Amino acid sequence: MCGICFAIRLIDDDQSQATSTTTEPVSAGATGSVSTALDVEDVWDTCVGAVKPRPDCSHSRIQQAAISSSTSFELRFHTSVLHMRGTEVTPQPFVSEEGDVLLFNGEVFDGLEVSTTENDGQKLFDAIQSAGPDNFLSAIKHVEGPYAFVYYQAKTHKLYFARDPLGRRSLLLHKPSATSPFLLLSSNAPSSTYALSEWEELGAEAVYSYDLGEMLNDTGVIYPFDRLLTTHPDPSDRLASDETGLPILTPAYTTLLHQFHSELSSSILKRVSPVPHTPLDPHARIAVLFSGGIDCSMLALLADQVLKPGETIDLINVAFENPRKLRGDVKEGQKKWVRKGGKNKGKGKSDVAEVEAEAEAEPEPEAAVVPDPPVETEEPSSVSGGSDTPIDSKVYDVPDRLTGRASCEDLRKLRPGRKFNFIEVNVPYAEMLGERQRVIDLMRPNRTIMDLSISIAFFFAARGRGVVLDPNGGEPTPYQSTAKVLLSGLGADELLGGYQRHRRAFNKPPGEDWTSLIAELQMDLDRISFRNLGRDDRIISYHGKEARYPFLAANVVDFCARLPVAQKCDMGFAEGVGDKLLLRMLARSLGMDGAAGLKKRAIHFVFPPLHLHVPTQQPTVDTMRFTTVIASLALLTPAFAVVLPTTEQIKLSLDSIFTSDDDDACPDLKVRCLKDGDITKSVGDIGKQSFCKVGLQCEQCHKSTNTAKCNAKFLKDCAGKCEAQGSPV
């Protein structure tokens, strides 16, 4: 795992002199009215500093590429490495004798033979070199795992950069501008206070190619996974229910559970076995982001089955202090408590409040730009929840804490030979405010309340500092998790129908129910790469940790995509039974009955304080995405103006796309293919495609992919110049 940074700029003798000269500072809010270029060295040092928290080793490289006697480019490469594979730290960048350079931030789990003693980045570079300059895409197309890379091929003067098709590793783009006339790619953006502010998340739907000598005309599209099986289930194929409403297991379904168990266990094994055995007992190599729900509980249970006896597994559970609950009554049935010794200096912000029923609430469709924090009047509490003005520890007994403890106890009973550390990460309100700006900087370019709510939970989880309760009733012990790999259950809901909107999609008239559910699941599979995994990677890697997603392994996704829908989820059963049916049945077969019946709760429910300061007016945030499938960047004139040859610039309103899992779904609509984007030049259509909410409208979810389909279907008529057009509704 690495933090990577890359920069390229056009140089000649005059420009080299000019751009290396220190200039007047440019404010972070500078607009087009400011034309003074930033100092090259200052920009580079700032960008490198943003990716340096990885602790094991850091290296940089600068080289030039002479395209002609009058045109040269300067290329800068940097990596900060966290040792995750092989017997020793392998430094980057990888460089060949010919001057080829690879920056690789990721893990290879399939598609390339890598032993536990070898470094996967080095093996990938060797495979690329062996394939030759004309076969780069062939060399990487079978690689499976989370990754982001930048590769420069010296012989052809071509630059390639991409994220894996699911977008599990972060890679941000800064396009050249008047103040920063160079192209930048980086795992993390600098602080928002720095003048270099226009960053975009690189789309995960493409491998981007940059020919330093000329534009590329190649286009293509890769669908990494099979389309979902659309066959409606026969009534006789569905599981019957017993008198309690639970499904009755059949021999055929038992065989299916064994297959699913095998696929998921294989995914977990590949994600945990290469992790170096550097920490010593009682510390763990592996941790699970643990709410106690079905997804993470199954990961912990299956991790136990693949890890060697004697290894510890950390279960990290986060809870936040809510100032609205201070001096309040706890929910009926819990002990009444008050803050001890504290003085309420505020004006009503921390008065008596009823504890909200968080487990039953619907997600708030937060879309506001993150506001500046107000002047806080709340008496701060300590990291542990007890200082000069301690508070009762029950303030942290949120629903995920209670289910986490219960599921951990179930795991200990099922696997008494395994040590599970249940780490209670208690975050006081004052400490959350202290780290708030850091998290906002790390999650850039994402910037909504929803992003912050999720990101700040991951930030404290990845830090791994908390207390471990004595299973025998002793005093809590301070604990710092040293696990470098954090397993996450993300992906299970998308693959197996775990969201409320899946149930709503099924609640249609007979004949439309299964069709609607399949379409909703297909939309989830199509948009997994947009699920903000890059944001989560930036947050978690700040602490030198890496998130891994066993449910998003290619073998698991492919297996689930091929199954008839009723074998994955059957909304004819009650909530907590029919949603994620396959996973819940596997959990019951392995003894995890408690977790198997828990209903879905979103991660941001553990963190109510952020919602205290949402402004009344909620402006939406627009972001720009690359949309060409294999895109090229054109360098123009000595002024180094760069044109990104995209067919469009989609403004994605983050308040409505992929931020709330319970937004109303848009219908599939017909998409036409317009040559040169001209409405009078329609060459045909590609049928109905998925549409997503953008503000109050439904627009194409994947216009770039649809554009590629148009150009592929109407190869002669389009001549590569067609654009997908679907009328917003």
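The coordinates are above.
So, here's what we can say about the structure. (Residues numbered from 1 in each chain as written. Predicted model: local features only at pLDDT ≥ 70, side-chain atom pairs only at ≥ 80, totals over all residues. Heavy atoms only, no water.)

1. Quick notes on the nonpolar core
Next, step 1: Within the largest apolar cluster, 100 residues are counted, with the highest numbers of intra-cluster contacts made by Phe 260, Phe 290, Leu 315, Leu 487, Leu 582 and Leu 583.
Next, step 2: The leading source of residues in this core is helix 9 (residues 449-463), at 10 residues.
Next, step 3: By size, the runner-up hydrophobic cluster in this structure holds 28 residues, among which are Ile 4, Phe 6, Ile 8 and Val 81. (Core = buried A, V, L, I, M, F, W, Y, C linked by side-chain atoms within 4.5 Å. Buried < 20%, exposed > 50% of the residue type's maximum accessible area, 1.4 Å probe, protein only. Helix = DSSP H or I, 4+ residues; strand = E, 2+ residues; numbered from the N terminus.)

2. Looking at the pairing of strand 15 (residues 465-468)
Next, step 1: Here strand 14 (residues 419-427) pairs with strand 15 via 2 bridges, running antiparallel. Bridging from a neighbouring strand, Glu 424 pairs with Val 467 of strand 15. (Pairing = 2+ DSSP bridges.)

3. Quick notes on the pattern of salt bridges
Next, step 1: On inspection of all chains with the given rule, the structure shows 35 salt bridges.
Next, step 2: Between Arg 163 and Glu 201 there is a salt bridge; the shortest N-O distance is 3.8 Å. Here Arg 163, found in strand 7 (residues 158-163), pairs with Glu 201, found in strand 10 (residues 200-201); they are 38 residues apart in sequence, far enough to count as distant. In this pair, the class of Arg 163 matches that of Glu 201, namely buried. (Salt bridge = Lys/Arg side-chain N within 4 Å of Asp/Glu carboxyl O.)

4. So, the sheet that holds strand 7
Next, step 1: If you trace the 5 strands from one edge of the open sheet to the other, you get 4-5-6-7-11, paired in antiparallel fashion. On the outer flanks of this sheet lie strand 4 (94-95) and strand 11 (207-211), each paired with one strand and no other.
Next, step 2: Where strand 4 meets strand 5 (residues 101-106), 2 bridges bridge the pair, whose relative direction is antiparallel. Bridging across to strand 5, Val 95 finds its partner in Val 101.
Next, step 3: Helix 3 (residues 120-131) contacts strand 4, strand 5 and strand 6 (147-153) of the sheet and is inclined by roughly 140 degrees relative to strand 5. (Contact = heavy atoms within 4.5 Å. Axes fitted to C-alpha atoms, helices over the stretch in contact; angles between N-to-C directions.)

5. Focus: the pairing of strand 3 (residues 72-81)
Next, step 1: Counting buried residues in strand 3 gives 10 out of 10 residues, a clear majority hidden from the surface.
Next, step 2: Where burial is concerned, the two faces of strand 3 agree: the one with Ser 72, Glu 74, Arg 76, His 78 and Ser 80 and the one with Phe 73, Leu 75, Phe 77, Thr 79 and Val 81 are both buried.
Next, step 3: Bridge analysis of strand 1 (residues 2-11) against strand 3 gives 10 bridges, and the strand direction is antiparallel. Following the sheet pairing, Ile 8 is matched in strand 3 by Leu 75.

6. Things to note about helix 5 (residues 251-272)
Next, step 1: If you check helix 5, its first and last C-alpha atoms are 32 Å apart, about what 22 residues at 1.5 Å a residue would give, namely 32 Å.
Next, step 2: Along helix 5, the residues classified as buried are Tyr 253, Leu 256, Leu 257, Phe 260, His 261, Leu 264, Ser 265, Ser 267, Ile 268, Arg 271 and Val 272. Summarising the axial view, the buried residues of helix 5 lie within an arc of 165 degrees, below the 170-degree limit, and thus occupy one face. Facing away from the buried side of helix 5 by over 90 degrees, the exposed positions are Pro 251, Ala 252 and His 258. (Expected span 1.5 Å × (residues − 1). Arc of directions from axis to C-beta.)

7. Let's talk about the state of the cysteines
Next, step 1: In the structure shown here, the tally under the stated rule is 2 disulfides.
Next, step 2: Here Cys 673 is linked by a disulfide to Cys 710, with a sulfur-sulfur distance of 2.0 Å. Of note, the bridge from Cys 673 to Cys 710 carries an S-S torsion of about -75 degrees and is left-handed in sense. Taken together, the residues span a long stretch of sequence, with Cys 673 in strand 23 (residues 669-675) and Cys 710 in helix 18 (residues 703-713) at a distance of 37 residues.
Next, step 3: Across the disulfide from Cys 718 sits Cys 722; the S-S distance is 2.1 Å. Here Cys 718 and Cys 722 share a disulfide; its torsion about the S-S bond, -85 degrees, makes the bridge left-handed. Each of the two residues, Cys 718 as well as Cys 722, counts as buried.
Next, step 4: In this structure Cys 47 is a free cysteine whose sulfur lies 4.8 Å from that of Cys 5, the closest cysteine sulfur available. (Disulfide = S-S within 2.5 Å.)

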